[in-house]
Each structure stands twice: as C-alpha cells, then as structure tokens.
Amino acid sequence: MEKIKVGFIGSGGIAKAHAFALQALKFYYPDAPEIEFRAVTSARESSRSEFANNYGFEKAVDLDTFARDPEINSVFILSPNNQHYTHLETALQMKGVERIYLEKPICSTREEENKMAEWLQSGDDSKKIQVGFQFPFSSPVREAINFWKEQDFGKPVHFSFTYKHTDYLKKNYRDKRRSRLTPAPDGGAMADLGSHAISMMIAFLGDSLNITHALQGGSFPDVPEGSDLYSEISLFDKKTGAVGNLSASRISAGMGDVLAFDIYCEKGALRYNSFYPDRFEYCLNSENQWSTLFTGSNFQPVTGFPGKHVPGGWLRALKHAHYVFLTGNDPMAFIPGLKHGLEVQRLVRETADHLEVFRNKIKQEG
C-alpha cells in the first residue's frame with residue numbers, strides 16, 4: 001500500500017486533533033496505511049516548529065517551501081477560515097498531491113465560492129477532496145443515514161436540526177478566538193457550528209432546500225454585530241414540500257456541545273442527539289412506538305479496538321482515566337481506589353447471593 005506522506009497547513013487546535021486521529025488509525029484498523037508526517041506550515045515560525053516537534057513532523061517550513069515539496073501526497077488544510085480557499089489553491093497546484101482534506105467552511109466569499117464551483121464543473125478529478133464534516137462518520141449517524149435510506153418513512157413533513165454550544169458566553173473564551181468572531185459567512189455560529197448541522201440535514205433530506213427566513217440573537221460589546229452568536233433559519237424543501245428549522249448557537253448555557261435533529265415523515269420519524277453517542281431512535285407507523293437502535297462503535301470495516309459493542313464515547317473516558325492516574329491533575333475527578341473496589345465487589349457478591357435465594361424460591365413454588 002502507498003505510504004501516505006502528510007502535510008499540514010495550519011498548526012492550531014484543530015490541527016492537533018487531526019494529528020491525534022491520524023496517529024491513532026493503526027490502533028483501530030489492521031489495514032491502516034503507513035503514514036509519514038512530512039511537513040507542517042503556518043504563519044508563525046514558532047508555532048509550526050513547536051507543532052512539528054510535539055507531534056512528529058519531519059520539518060516545519062514556510063508556505064512557499066511547503067508548496068514545492070514533491071514528497072507530500074496528502075494535504076490537510078487546517079488554517080483559519082478566511083484562508084481555506086487560498087490554501088486550497090496552493091494544494092491544487094502541488095504536483096505530488098493526490099488528496100486534500102479541507103476543513104469547513106470551505107471558503108469565505110461568494111467570489112471564492114464561484115471559483116470553486118467553476119473548478120468542480122471543469123471535471124478535474126485528479127485530486128480527491130474531502131471536507132471536514134466528521135459527524136456523518138460517527139457510528140450512530142452513519143447507521144441512521146443508511147437506515148433512513150433502507151426504510152419507508154414516507155415523504156418528510158417537518159424537521160429540526162440544531163447545534164448548541166456554551167463557551168462563547170465567557171469573555172476569556174471569546175478573547176482567545178477572535179479569528180472566529182468575524183462577520184458571517186467567514187465567522188459566526190452558523191459558519192462554525194451550524195455548518196455541521198446543515199451538512200447533516202443535506203445528508204438526510206438532499207439538496208433541494210431553500211431558506212425562507214433567518215433570525216439572530218445574542219450580543220456582547222466585544223463581538224461584531226455581524227458575527228452571529230445565535231442564529232436560526234427556516235427552510236422549505238421544494239422537492240417534498242417539507243418545512244423545518246435549523247439553529248446554531250455559541251451561547252446556550254448548560255448545553256456544552258450538542259448536535260441534535262429530528263425528522264417527521266408521513267410514515268414515521270427519526271431522531272438523534274449527541275448526548276447519547278451510541279444510538280439513534282426511530283418510529284414507524286406500522287409499529288406505532290419509538291424504538292432505539294444501539295450502534296456502539298460499529299464502524300466498517302469492523303475494528304478490534306476495543307470492540308464493536310463499546311459505546312462511541314468509551315475511549316475518551318478511558319484516556320482521561322489514564323491521565324488522572326498518571327498526573328492526578330483533575331481535582332473534580334472521582335478516583336476509584338482500592339477501598340472503592342472492595343465495596344463494589346461486596347455488592348456484586350451479595351447480589352449473587354440474593355439471586356440464588358430468588359431462584360431457589362421460584363423452584364420451590366413451581
């Protein structure tokens with residue numbers, strides 16, 4: 001199998017997440033390709049050098065040097081939103097590049113959008129491009145999309161999609177993310193968060209949706225008026241006649257980070273909430289009740305780490321358990337020591353004893 005020689009454009013927080021995901025592939029997939037972390041580039045030399053040293057990249061270089069590297073065959077565009085299009089142009093011109101992972105939003109202006117549409121219409125498929133919408137690849141959403149296609153839900157009637165986030169209520173959080181507070185469509189809640197919900201909506205309902213109305217709410221003195229902190233759109237599906245809404249929020253107190261949707265049709269309904277990362281729910285008129293489909297980590301190809309039955313969020317908790325074990329740096333964590341383990345074992349043992357009593361009683365009465 002071809003060795004993947006990766007180049008990153010961008011060395012911020014999202015780049016760190018991508019480096020982790022790439023390095024973890026070999027633990028999940030027995031047929032994962034060999035990956036070489038070739039080069040990283042970003043605007044600040046200190047940032048890219050630190051990133052390269054921390055995450056195993058061979059070198060940190062300026063953009064011009066990066067673009068001339070003939071060894072790079074896979075580019076990840078992880079730069080600020082308003083630079084995505086420019087960096088896509090750079091990657092498209094790199095002769096050795098075969099595939100490009102482009103973080104959303106793919107561009108910031110209508111002019112850039114038109115140029116990308118022209119390139120797409122040219123039919124040039126020499127480079128594979130994948131956009132950074134990861135939610136459809138999660139186990140429950142992936143299975144929900146397939147279930148939606150396989151079952152007869154009938155024509156959609158109404159729907160709702162939402163992505164709610166909390167942290168922009170805090171000024172210190174906003175101060176660290178000034179580049180994301182630019183006016184829409186370059187920044188704002190709908191571009192940054194709502195784009196994920198829109199991607200999901202299209203995956204289920206197709207591309208015949210039109211916006212009929214939009215609302216915006218929330219304001220702070222340090223946030224530009226054109227940068228939406230909360231926004232909501234009303235939509236009409238001209239193909240099916242269905243209507244619905246989609247909202248994106250950076251300021252929903254108590255929500256953390258939640259993506260959810262529900263779709264109601266003539267013959268049933270389907271819904272999902274990322275609060276429950278290992279399931280989705282559906283209702284068919286023929287059954288007249290809501291049912292839950294548990295997906296665990298059921299990806300294809302089936303991985304062996306740690307297993308298909310494990311809920312999607314399990315590994316994240318395991319990582320934190322190891323972190324607390326090695327560092328102790330979480331004063332809020334409940335740490336299960338030996339005393340706790342013994343108490344658990346006592347209850348397990350006494351439960352077994354009570355079950356034996358119950359079984360014996362049933363036999364005697366039977």
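Each chain carries its own residue numbering, running from 1 in the written order of its sequence. Where local features are concerned, this predicted model is filtered to residues with pLDDT of at least 70; where side-chain atom pairs are given and counted, the filter is 80 or more; whole-chain, interface and lining totals use all residues. Side-chain numbers here rest on the full set of heavy atoms in the structure, without hydrogens or water.

Colleague: When you look at the overall build of the protein in this model, what are you seeing that I'm missing?
Modeller: A tally of regular secondary structure across the protein gives 10 helices and 14 strands. With respect to the three principal axes, the spread of C-alpha positions in the protein is 85 × 55 × 50 Å. Residue burial is assigned from relative accessible area. The probe radius is 1.4 Å, only protein chains are included, and a residue is buried under 20% of its type maximum, exposed over 50%, and partly exposed in between. Looking at the protein as a whole, 39% of its 366 residues are labelled buried. For the protein, contacts bridging at least 24 residues in sequence account for 63% of all contacts bridging at least 6. For the protein, the accessible surface area stands at approximately 21,100 Å², while carbon and sulfur atoms represent 55% of it. The convention is simple: Lys and Arg are positive, Asp and Glu are negative, and His and the chain ends are not counted. To locate a charge, take NZ of a lysine, CZ of an arginine, CG of an aspartate or CD of a glutamate. Measuring between centres, the 42 positive side-chain charges of the protein sit 4 Å from its 45 negative side-chain charges. Where helices and strands are cited, they refer to DSSP runs of H or I of at least four residues and of E of at least two residues respectively, numbered from the N terminus. Residue contacts follow a heavy-atom distance rule, with two residues in contact if any of their heavy atoms lie within 4.5 Å. Values of accessible area rely on a 1.4 Å probe in the Shrake-Rupley scheme; residue burial ignores everything except the protein chains shown.

Colleague: I would appreciate a short explanation of the nonpolar core in the present structure.
Modeller: Inside soluble globular proteins, nonpolar side chains tend to come together where they are buried. Formed by 33 residues in total, the largest nonpolar core has its most connected members in Phe159, Phe161, Phe204, Leu205, Ile263 and Leu270. Listed by contribution, the elements that provide at least two residues to this core are α6 (139-150), β7 (156-165), α8 (189-205), β9 (230-237), β10 (243-249), β11 (257-265), β12 (268-273) and β13 (279-284). In contact with Ile263, not counting residues within four places along its chain, are Trp148, His158, Phe159, Phe161, Phe204, Leu205, Gly268, Ala269 and Leu270. Throughout this description, the term nonpolar core refers to a set of buried Ala, Val, Leu, Ile, Met, Phe, Trp, Tyr and Cys residues connected via side-chain atoms within 4.5 Å.

Colleague: Explain the state of the cysteines here, please?
Modeller: Here, two cysteine sulfur atoms that lie within 2.5 Å of each other are counted as a disulfide. All told, the structure shown has zero disulfides when counted by the stated rule. Cys283 takes part in no disulfide bond, and the closest cysteine sulfur, belonging to Cys265, lies 11 Å away.

Colleague: Is there a simple way to explain helix α5 (residues 110-121) in this structure?
Modeller: One full turn of an α-helix is made of 3.6 residues, so residues set three or four places apart face in the same direction. By this rule the span expected of a helix is its residue count minus one, scaled by 1.5 Å. Here α5 contains 12 residues, and its C-alpha end-to-end distance of 16 Å stays within 8% of the 16 Å for a straight helix at 1.5 Å per residue. With its phi angle positive at about 80°, Gly123 sits one or two positions after the end of α5.

Colleague: Honestly, the environment of Ile106 in this entry has me stumped. Any pointers?
Modeller: Of note, Ile106 is situated in the loop between β5 (99-102) and α5. Filtering out sequence-adjacent residues up to four positions away, Ile106 remains in contact with His84, Tyr85, Met116 and Val131.

Colleague: Sorry, what's going on with the pattern of salt bridges here?
Modeller: Any two side chains of opposite charge can pair, so long as their charged atoms come close to each other. By definition, a salt bridge exists where a carboxyl oxygen of Asp or Glu is found within 4 Å of a side-chain nitrogen of Lys or Arg. By the definition in use, this model includes 21 salt bridges. Between Arg99 and Glu2 there is a salt bridge, and its shortest N-O distance comes to 3.2 Å. Pair noted here: Arg99 is in strand β5 and Glu2 is in the segment before β1 (4-9), with a separation of 97 residues, a long-range link. Within the structure, one salt-bridge network assembled from shared partners comprises Lys3, Glu34, Glu36, Arg38, Glu58, Lys59 and Asp69.

Colleague: Would you mind showing me how to read the layout of surface pockets here?
Modeller: Empty space left among the atoms is revealed by rolling a probe the size of a water molecule over them. Throughout, the protein atoms alone are placed on a 1 Å grid, and a set of points is a cavity if a 1.4 Å probe fits but cannot get out or a pocket if it is open with protein on both sides within 12 Å along at least five of seven lines; lining residues have an atom within 4 Å of a point. Grid points are joined across faces, edges and corners, and a volume is the space filled by probe spheres set on the points. Approximately 760 Å³ is the volume found for the second largest pocket. Looking at the second largest pocket, it is lined by 22 residues, and the ones nearest its centre are Pro105, Glu113, Pro185, Ser195 and Ile198. Put simply, the parts of the chain that give the lining of the second largest pocket at least two residues each are α5 and α8. The element best represented in the lining of the second largest pocket is α8, accounting for six residues. Polarity classes work like this: nonpolar for Ala, Val, Leu, Ile, Met, Phe, Trp, Tyr, Cys and Pro, charged for Asp, Glu, Lys and Arg, and polar for all others, with Gly in that last group. Considered class by class, the residues forming the lining of the second largest pocket number 11 nonpolar, seven polar and four charged.

Colleague: Explain the packing of aromatic side chains here, please?
Modeller: Any pair of aromatic rings gets described here by the distance separating the centres and the angle formed by the planes. Within 6.5 Å between ring centres, the rings of Phe, Tyr and Trp (the latter by its six-membered ring) count as paired, and their orientation is classed by plane angle as stacked under 30 degrees, edge-to-face over 60, tilted in between. Applying the stated criterion across every chain yields a total of 19 aromatic pairs. Ring geometry for Phe161 against Phe261: centres 5.1 Å apart, planes inclined by 20°, an arrangement best described as stacked. You can see Phe161 sitting in strand β7 and its partner Phe261 sitting in strand β11, a full 100 residues away along the chain. As far as burial versus exposure is concerned, Phe161 and Phe261 are alike and both buried. A centroid spacing of 5.8 Å and a plane angle of 35° characterise the contact between Phe261 and Tyr272, whose relative ring orientation is tilted. Taken as a pair, Phe261 in strand β11 and Tyr272 in strand β12 lie far apart in primary sequence, 11 residues in all.

Colleague: What is the right way to look at the side chain of Thr41 in this model?
Modeller: If you trace the backbone, Thr41 turns up in strand β2 (residues 35-41). Thr41 gets classed as buried once you look at its relative accessible area, which sits at 2%. N or O atoms within 3.5 Å of each other form a polar contact, as long as, within protein, one can give a hydrogen and the other can take it, and as long as residues adjacent in sequence are counted only when both atoms are side-chain atoms. A polar side-chain atom of Thr41 sits 2.8 Å from the main-chain carbonyl oxygen of Val61. Excluding its chain neighbours within four sequence positions, the residues that come into contact with Thr41 are Phe8, Ile9, Gly10, Arg48, Val61, Asp62, Leu63 and Phe66.

Colleague: Hey, could you run me through the side chain of Ser42 in this one?
Modeller: Here Ser42 is to be found in the loop between β2 and α2 (45-55). Residue Ser42 is classed as buried on the basis of its relative accessible area of 17%. In this structure the side chain of Ser42 is engaged in a polar contact, spanning 3.0 Å, whose partner is the side chain of Ser11. Residues within four places of Ser42 in sequence aside, it is in contact with Gly10, Ser11, Ser47, Arg48 and Val61.

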